[in-house]
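If you want the building blocks of each chain, they are given just below.
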Amino acid sequence: MKDKKNIFLALSIISFIMLLIAIFVSFDKIDAFGMHFSIIWIPVWTLTILLPIFNFAEIILERNHISKRIVVALIFNIINMFFIIRHFGFEFFPE
């Protein structure tokens, strides 16, 4: 179980670093899903969407022994989500 927690934490940190790189460095652009974006955004979006689900599942399955590594990984994922929302300028409540 410790290996899984370390993997989740490492992937969360890698996702955070990739997000910062994607925001500040420009890469080759592609057209997909009706949007024009860099290639690096594909793994960033995938990790940002899937890792919180896995972290919540780990917290639910190990209710008696919640690890600090899982909580830190979840915090990194939430920070990633806020940065992505801010970068792309999503409007949740348009007028």
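Bear in mind the structure is a predicted one, so any value in this text is a computation, not a measurement.

Caption draft 1: Expanded view of the packing of helix H2 (residues 41–61) against helix H3 (residues 68–88). As a packed pair, H2 and H3 sit with axes 9 Å apart at the nearest point and diverge in direction by 145°. The way H2 lies across H3 gives a crossing that is left-handed. Between H2, through Trp 41, Val 44, Trp 45, Thr 48, Leu 51, Pro 52, Asn 55, Phe 56, Glu 58 and Ile 59, and H3, the contact on the second element is made entirely by Ile 70, Ala 73, Leu 74, Asn 77, Asn 80, Met 81, Ile 84, His 87 and Phe 88. Taken together, the residues of the contact of H2 with H3 break down into 13 nonpolar, five polar and one charged.

Caption draft 2: Focus on the environment of Trp 41. Its location among the elements puts Trp 41 in helix H2. Along the sequence, Trp 41 and Leu 51 sit 10 residues apart, while their C-alpha atoms lie 15 Å from each other.

Caption draft 3: View of the pairing of strand E1 (residues 29–32). For E1 and strand E2 (residues 35–38), the ladder comprises four bridges, and the chain directions are antiparallel. Residue pairing across strands places Ala 32 opposite Met 35, the latter belonging to E2.

Caption draft 4: How the structure looks around H3. Here H3 spans 30 Å end to end across 21 residues, near enough to the 30 Å set by a 1.5 Å rise per residue. All of the buried residues along H3 are Ile 70, Ala 73, Leu 74, Asn 77, Asn 80 and Ile 84. The buried residues of H3 occupy one face: seen down the axis, they fall within an arc of 115°. Turned more than 90 degrees from where H3 packs its buried face, Lys 68, Phe 82 and Arg 86 sit exposed.

Caption draft 5: How the structure looks around H2. Between its first and last C-alpha atoms H2 spans 30 Å; for 21 residues at 1.5 Å apiece the expected length is 30 Å, and the two agree. Residues of H2 that are buried: Trp 41, Val 44, Leu 47, Thr 48, Leu 51, Pro 52, Asn 55, Glu 58 and Ile 59.

Quick notes on the rules
- Residues numbered from 1 in each chain as written.
- Predicted model: local features only at pLDDT ≥ 70, side-chain atom pairs only at ≥ 80, totals over all residues.
- Heavy atoms only, no water.
- Axes fitted to C-alpha atoms, helices over the stretch in contact; angles between N-to-C directions.
- Helix = DSSP H or I, 4+ residues; strand = E, 2+ residues; numbered from the N terminus.
- Left-handed = near helix turned anticlockwise from the far one by under 90°.
- Contact = heavy atoms within 4.5 Å.
- Nonpolar A, V, L, I, M, F, W, Y, C, P; charged D, E, K, R; others polar.
- Pairing = 2+ DSSP bridges.
- Expected span 1.5 Å × (residues − 1).
- Buried < 20%, exposed > 50% of the residue type's maximum accessible area, 1.4 Å probe, protein only.
- Arc of directions from axis to C-beta.

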